[in-house]
Amino acid sequence: ITPPPPNPLPQSALEGPGEGAKRLRDFFHERLLESREAQEYLALRGLKDAGLIKYFHLGFDDGKVNHALTSDVVPGLKSLGFLNSRNHSRFYQCITVGLEDSDGNVVSLYGRRIKGDKGAKHQFPQGKISGIFHSKIFQVAREIILTEGVVDGMSVWYMGFPNVSCVFSATNVPQLLIEQLLRYQTTRVYLALDNDAAGEAACERLRAKLSGLGTGL
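This one's a predicted model, so the numbers in the text were calculated from it and none came from an experiment.

Trainee: I'd love a proper account of the state of the cysteines, names of residues and values included.
Mentor: Within the structure shown, the criterion is met by 0 disulfides. Take cysteine 94: it sits in no disulfide, and the sulfur closest to it among the cysteines is that of cysteine 166, at 15 Å. Among the cysteines around cysteine 166, which has no disulfide bond, cysteine 203 carries the closest sulfur, lying 14 Å off.

Trainee: Quick rundown of the packing of aromatic side chains? Include the residues and the values.
Mentor: Tallying each qualifying case throughout the model produces 8 aromatic pairs. For the ring pair phenylalanine 27 and phenylalanine 28, a centre distance of 6.3 Å and an interplane angle of 75 degrees mean the geometry is edge-to-face. Assessed through its relative accessible area of 1%, phenylalanine 28 is described here as buried. Measuring from centroid to centroid gives 4.8 Å for tyrosine 55 and phenylalanine 56, while their planes differ by 90 degrees, and the two rings are edge-to-face. Grouping aromatic residues by their ring pairs yields a cluster made of Tyr55, Phe56, Phe133 and Trp157. The cationic tip of lysine 136 hangs over the ring face of tyrosine 55; the distance from NZ or CZ to the ring centre is 4.8 Å.

Trainee: Quick one: what's the story with the sheet that holds strand E7 (residues 188-192), residue by residue and with numbers?
Mentor: Read across the sheet, 3 strands follow the order E6-E5-E7 without closing on themselves; strand pairing throughout is parallel. At either margin of the open sheet sits one strand with a lone partner, and together these are strand E6 (164-166) and E7. Recorded for the sheet is a direction-independent mean angle of 30 degrees between the axes of neighbouring strands. Relative to E6, strand E5 (residues 143-147) runs parallel, the two sharing 3 bridges.

Trainee: Let's hear about the side chain of serine 108: which residues, and what values?
Mentor: Inspection of the secondary structure assignment puts serine 108 in strand E3 (residues 106-113). Look past the residues within four positions of serine 108 in its chain and what remains in contact with it is Ala21, Phe82, Val97, Gly98, Leu99, Pro125 and Ser130.

Trainee: Pulling in residues and values, what's your account of unusual backbone geometry?
Mentor: Phi is positive for glutamine 93, which is not a glycine, with a value near 65 degrees. Along the polypeptide, glutamine 93 turns up in the loop between helix H5 (74-79) and strand E2 (94-100).

Trainee: Give a detailed account of helix H1 (residues 19-33), specifying residues and quantitative values.
Mentor: End to end, H1 covers 21 Å across 15 residues, agreeing with the expected 21 Å (1.5 Å per residue, within 8%). Along H1, the positions that sit buried rather than exposed are Gly20, Ala21, Leu24, Arg25, Phe27, Phe28, His29, Arg31 and Leu32.

Trainee: Can you tell me about the environment of arginine 25, naming the residues and giving the values?
Mentor: By the element assignment, arginine 25 lies in helix H1. Linking arginine 25 and glycine 127, residues 102 residues apart in sequence, is a C-alpha distance of 18 Å. Excluding anything up to four places from it in sequence, arginine 25 contacts His57, Gly98, Val106 and Leu109. Reaching out from arginine 25, the side chain makes a polar contact with the side chain of aspartate 26 at a distance of 2.9 Å.

Trainee: Describe the pattern of salt bridges, listing the residues and the values that go with them.
Mentor: Using the criterion set out here, one finds 8 salt bridges in the structure. Of the charged contacts in the structure, one is a salt bridge between arginine 31 and glutamate 34, with a shortest N-O distance of 3.3 Å. For arginine 31, the salt bridge goes to aspartate 62, with nearest N and O atoms at 3.0 Å. Of this pair, arginine 31 sits in helix H1 while aspartate 62 sits in the loop between strand E1 (59-60) and helix H4 (65-68), and the two are 31 residues apart along the sequence. Judged by its relative accessible area of 22%, aspartate 62 falls in the partly exposed class. One network of salt bridges, in which partners are shared, links Lys22, Arg25 and Asp26.

Trainee: With reference to specific residues and values, describe the nonpolar core.
Mentor: One finds Leu32, Leu42, Leu58, Ile95, Phe133, Val150 and Met154 to be the most contacted residues of the largest nonpolar core, which totals 26 residues. Of all the elements in the fold, those that place two or more residues in this core are helix H2 (36-44), helix H3 (50-55), E2, helix H6 (150-158) and E6. Looking at this core, the element that brings in the most residues is H6, giving 5 residues. If sequence neighbours within four positions are ignored, isoleucine 95 has contacts with Leu32, Ala38, Tyr41, Leu42, Gly59, Phe60, Tyr110, Gly111, Arg112 and Ile114. One finds Phe138, Ile144, Leu146 and Ala202 within the second-largest nonpolar core, a separate group that totals 21 residues.

Conventions and cut-offs
Residues numbered from 1 in each chain as written. Predicted model: local features only at pLDDT ≥ 70, side-chain atom pairs only at ≥ 80, totals over all residues. Heavy atoms only, no water. Disulfide = S-S within 2.5 Å. Phe/Tyr/Trp six-rings, centres within 6.5 Å; stacked < 30°, edge-to-face > 60°. Buried < 20%, exposed > 50% of the residue type's maximum accessible area, 1.4 Å probe, protein only. Lys NZ or Arg CZ within 6 Å of the ring centre and 35° of its normal. Pairing = 2+ DSSP bridges. Helix = DSSP H or I, 4+ residues; strand = E, 2+ residues; numbered from the N terminus. Axes fitted to C-alpha atoms, helices over the stretch in contact; angles between N-to-C directions. Contact = heavy atoms within 4.5 Å. Expected span 1.5 Å × (residues − 1). Polar contact = N/O pair within 3.5 Å; in protein donor to acceptor, adjacent residues only side chain to side chain. Salt bridge = Lys/Arg side-chain N within 4 Å of Asp/Glu carboxyl O. Core = buried A, V, L, I, M, F, W, Y, C linked by side-chain atoms within 4.5 Å.

And the structure:
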């Protein structure tokens, strides 16, 4: 018996700011809940937790989204940088996480590929990166922990420190993250990068970038 194809993404998925990103995030979330290989990967990373998966709406691109796309949604998703030249998802075989704007609305996606032979380990939309990881936490936490990557940030959250975000790259702090620190008057930032020479050097670069914000480091 051939299973029915996934429900197509309707035109309404693209209505309103960020709706295309949110609908795709939710589509991938449903796929993760049915994917054994994605959940096995999360278990290996110590992140197979129902609360964490629900809170961050973790998803997985198992390829079925390519059969669910309809011609009316392709242009919008492509404009967001989510599709490649074949109009297929750029996040194939990735655990996905929504990236948020300054008010916590999902505007983009980040992907962590679970198989090294399927493409780059870290996957962002094509073009400029929009949004940051866990943006809404700046509204409620006066002290923020910054990790280098999204998966590191989720690990910190799972360890009981919800006041976490990440910089994506120690050499390129997102401008939106700087704006959030200023907007919500963050009093202290903790840098939690790798405990090696490269991590120490990255901490120094980040300290130089953040030292002028009036927050403790």
